[in-house]
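Per-entry structural report
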Amino acid sequence: MIKTTDIKEAYDLYRLHMRKLADVRSALALMQWDQETYMPVKGSGFRAQQVATLSELAHEMVTSEKLESLLDSLYEATELNDTERKNISLTREDFLKQKKYPAAFVRKMSETISRSFNAWNLAKKENRFSLFENELTELVQLKKEETEILGYTEHPYDALMDEFEKGCTVRQMDHIFDNMLPKLRGLLEKIQHAKSPDDFFLFNSFDKKNQWDLGMQVIAELGFDFEAGRQDISSHPFSTSFNKYDVRITTRIDENDFSSMLFSCIHETGHALYEQGLPESEYGLPSGEFASLGIHESQSRLWENHVGRSRAFWKFNYPLVTEKFPEAFRGISEEQFYKAVNRVKPSLIRTESDELTYHFHVMIRYEIEKMLISGELQTNDIPACWKEKYRKWLDVDVPDDTRGCLQDVHWSHGSFGYFPTYSLGSFYAAQFFSRVKKEDPSLNEKMEKGDTGGLLHWLRQRIHGSGRIWKSGEICKIATGEELNVTYFLDYLLEKYSNIYEI
Ligand code: ZN
C-alpha cells in the first residue's frame, strides 16, 4: 500500500516528466515551423538530423521505464482528483499503445515514409502516379500490419482512424455519410440549376502588402493574441503551437485570388484561438492538450465558415476590403461580395472547394482508404477509381493524376484515417455554432458590429478549457446537450444556400 504523500510525490514526478516531454516536443515543433518559414536552403541536411534526434528522444521519454513505473503506482490511486486520474489513465493508454509497436516496425515505417514522401513529390511534379505506386503499396502493406498490431473490433480501418479521432469507426462514418451525401447531392443539383452569383471580381489583381495588412487586421479583430503568437508566410498554410503563449500560424498570398489568403488566415486563426485557450496550468498533460483533430478542425471551420463567410461578418468588414482595394471592388455591393465568397462549384481540388462539395472530396478519400486497408482495392487501381468517383459524385472529369489522386500529401506521410476528421470538424462546428446562437440570440447583431468576444468566450468555456479530458462526442454533449447530430450542418447549408441561390 502506497502512502498518500508518496502518491502526491509520484504525481509530481509524473507531471515533471510530461512537462519535459512537452519541452522536447515544442523544440521539435519550433524546428519544423522554422523549416517551413525561414530556414536557409543549406540548413536542410542538419535540420533533418536534428529533428530525427529530438524525435528519438521524445519516443524514449514516452516509452521509458521511469514513466511506466510512475503510471503503475498512480493508476487507480484514489488519492488523486478527477482530472489527475484522467491524466494518468490517458497517459497510460498512450503508453500501452506505443509499447505495442516493435522497434523494427517503427524503423521500417519511418524509412518507408521518407522514401514515399520523395516519390510522391516527384510523381506529383511529373504528373505520373506510377512513380509513387511502389512506395504507396509498401506503405499500405505496413498500415495493414499496423492495424493488426493495434487491434480492432470490426473494421481494420477503425484502428487507423482511432489515431486521429479516438473511438471513430467505419460503422459511425458510414452511417454519417450514407445519411448525408444523398441530401448534399440533392442540394447541389438544385444549386446547379439556379443562377450562380458572379465572382469575377475576386480574381483581379490584389497588392500583396494590402492583402497582408487586411489579413492581420481581421485576425486581430477575431481575438488572436499577437503577444502570444505570430503569423508568417509559408508555401502551405498551417498552424502549430509550442504552448498557449506561443502559437504560430502561416498563410500564403495569391495576387490574383482575393479569397485565398483571407480565408486561410481566418481558418488558421480558428486553430490558433483553440491553442491559445488551453489551460496554462496543464501544460504537458492530457488536460492541457487539444481534444482531437476533429475538434481542432471544428474550431477552424467555425471561424472560417460560420463567422468569416457570414453576412453579419461582412456587414462589418466589407468597408475594410473596399478601403484596401477601392479599384477592384468598385461598384460591387456587400451583398454581391458575400454571395461571391459563398459560391458553390464542383471542382477537382479538395483544398479549393466550397463548404458543400468539400464533403464529397473527403468521402471519396475515405472510401478509397477503407478499401485499400481491407484489401478490396489495389494501389494500381487508385487512379481509375478516383476518376470514377469524381464523375459519379461531382460530375467532373479528372484530367490527370496531379489534379487527381496525387493532390494530397497525406498518403505519402502514411496518414491513413486522417481525412474523415475534416468532415467531422464541419459537422461539429455547425452544431456548436447553432448552440451559441440559441443561447445568445443577439450574436448576429454583435457580429455585425465586429464583436465576436462572446462567441470566443463560449468556446473557451465549453471546449478549449478541458483539454483532452473528454472525447469528441463527450465534448459535444457537454457543449450542446446532445451527441453529434449532422442535421445542424445540413440545416445550416440549406438556409445559407436557399438564400444565396434563391432556391
Ligand atoms: Zn484546419
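Structure shown above.
Notes on the structure follow. Along every chain, residues carry numbers that run from 1 in the direction the sequence is written. Selection of residues for local features in this predicted model requires a pLDDT of at least 70, selection of side-chain atom pairs for listing and counting requires 80 or more, and totals for whole chains, interfaces and linings are taken over all residues. Excluded from the side-chain calculations are hydrogens and water; all other atoms, namely the structure's heavy atoms, are used.

A word on the overall build of the protein chain. From N to C terminus, the protein chain includes 20 helices and 3 strands. What the globule rule says is 2.2 Å times the number of residues to the power 0.38, and the radius of gyration is computed from C-alpha atoms. The globule rule puts the C-alpha radius of gyration for 503 residues at 23 Å, and the 23 Å found for the protein chain is close to it. For the protein chain, the C-alpha atoms occupy an extent of roughly 75 × 50 × 50 Å along the three principal directions. In the protein chain, buried positions account for 52% of the 503 residues. Contacts between residues were defined by any pair of non-hydrogen atoms, one from each residue, lying within 4.5 Å. Put simply, 74% of the contacts in the protein chain that link residues at least 6 apart link residues at least 24 apart. For every accessible area listed, the method is Shrake-Rupley and the probe measures 1.4 Å; residues are considered covered only by the protein chains on display. With the model as given, the accessible surface of the protein chain reaches about 23,100 Å², and the carbon-plus-sulfur share is 50%. The averaged location of the 80 negative side-chain charges in the protein chain is 1 Å from the averaged location of its 63 positive side-chain charges. Numbering goes from the N terminus for both helices and strands, where a helix is a DSSP run of H or I of at least four residues and a strand is a run of E of at least two. Only protein chains enter the calculation, and the probe is 1.4 Å; a residue is then buried if its accessible area is under 20% of its type maximum, exposed if over 50%, and partly exposed in between. Within this scheme the basic residues Lys and Arg register as positive and the acidic residues Asp and Glu register as negative, but His and the chain ends are omitted. Where a charge sits is defined by one atom per residue type, namely NZ (Lys), CZ (Arg), CG (Asp) or CD (Glu).

What follows covers the sheet that holds strand E2 (residues 239-243). By definition, two strands form a pair when at least two bridges between them are found by DSSP. Here 3 strands make up an open sheet; going across it, the order is E1-E3-E2 and the pairing mixed. A strand with exactly one partner marks an edge of an open sheet, and here the two such strands are strand E1 (229-233) and E2. If you compare each strand with its neighbour and ignore which way they point, the axes differ by 20° on average. Pairing analysis gives 5 bridges linking E1 to strand E3 (residues 246-251), with the strands arranged parallel. For Arg 230, the partnering residue across the bridge sits in E3 and is Arg 248. The axes are straight lines fitted to the C-alpha atoms, using for helices just the contacting stretch, and the angles between their N-to-C directions are given from 0 to 180°. Strand contacts of helix H9 (residues 208-222): E1 and E3, with the helix running at about 155° to E1, the strand carrying the most contacts. Taken strand by strand, helix H10 (residues 258-276) contacts E1, E2 and E3, and its axis lies near 165° from that of E3.

On to helix H14 (residues 358-374). With 17 residues, H14 should reach 24 Å at 1.5 Å per residue; the first-to-last C-alpha distance of 25 Å fits that figure. Summarising burial for H14: 16 of the 17 residues are buried, a large majority. Downstream of H14 by one or two residues, Gly 375 has phi in the positive range, about 90°. Given the number of residues in a helix, its expected span is that number minus one, multiplied by 1.5 Å.

Turning next to the environment of Ser 241. If you trace the backbone, Ser 241 turns up in strand E2. Ser 241 sits in the partly exposed class, given a relative accessible area of 22%. Note: C-alpha distance between Ser 241 and Ala 272 (31 residues apart in sequence) is 7.8 Å. Contacts of Ser 241, omitting those with residues within four sequence positions, involve Ala 29, Asp 246, Val 247 and Glu 275. Among the polar contacts listed, one links the side chain of Ser 241 to the backbone oxygen of Asn 243, at a separation of 3.3 Å. In protein, a polar contact requires one atom able to donate a hydrogen and another able to accept it; more generally it is a pair of N or O atoms within 3.5 Å, and residues adjacent in sequence count only if both atoms are side-chain atoms. A distance of 3.3 Å separates polar atoms of two side chains, one belonging to Ser 241 and the other to Glu 275.

With that out of the way, let us pick up the pattern of salt bridges. Counted as salt bridges are all cases of a side-chain nitrogen of Lys or Arg within 4 Å of a carboxyl oxygen of Asp or Glu. According to the stated counting rule, one finds 35 salt bridges in the structure shown. Glu 335 is paired through a salt bridge with Lys 339; the nearest N and O atoms lie 3.4 Å apart. Taken together, the positions of Glu 335 and Lys 339, both in helix H13 (residues 334-340) and 4 residues apart, correspond to about one turn of that helix. Since its relative accessible area comes to 36%, Glu 335 is described here as partly exposed. Each of Arg 185, Glu 189, Arg 391, Asp 395 and Asp 397 takes part in one network of salt bridges that share partners.

Where helix H8 (residues 170-193) contacts helix H15 (residues 382-394), the two axes come as close as 10 Å, and the packing angle between them is 65°. For the pair H8 and H15, contact is made by Leu 181, Arg 185 and Leu 188 and by Lys 392, Trp 393 and Leu 394, respectively. Only Asp, Glu, Lys and Arg are considered charged, only Ala, Val, Leu, Ile, Met, Phe, Trp, Tyr, Cys and Pro nonpolar, and every remaining residue, Gly among them, polar. A breakdown of the residues in the contact of H8 with H15 according to their chemical character gives 4 nonpolar, no polar and 2 charged.

This next bit is on the nonpolar core. Formed by 116 residues in total, the largest nonpolar core has its most connected members in Phe 258, Trp 303, Phe 329, Leu 356 and Phe 432. Not counting chain neighbours up to four residues away, the residues in contact with Trp 303 comprise Leu 222, Ile 266, Gly 270, Leu 273, Gly 308, Thr 452, Leu 455, Leu 456 and Leu 459. Grouped together as the second largest cluster of nonpolar side chains are 22 residues, Leu 21, Met 61, Ala 77 and Phe 95 included. Residues enter a nonpolar core if they are buried and are Ala, Val, Leu, Ile, Met, Phe, Trp, Tyr or Cys, with the set joined through side-chain atoms within 4.5 Å.

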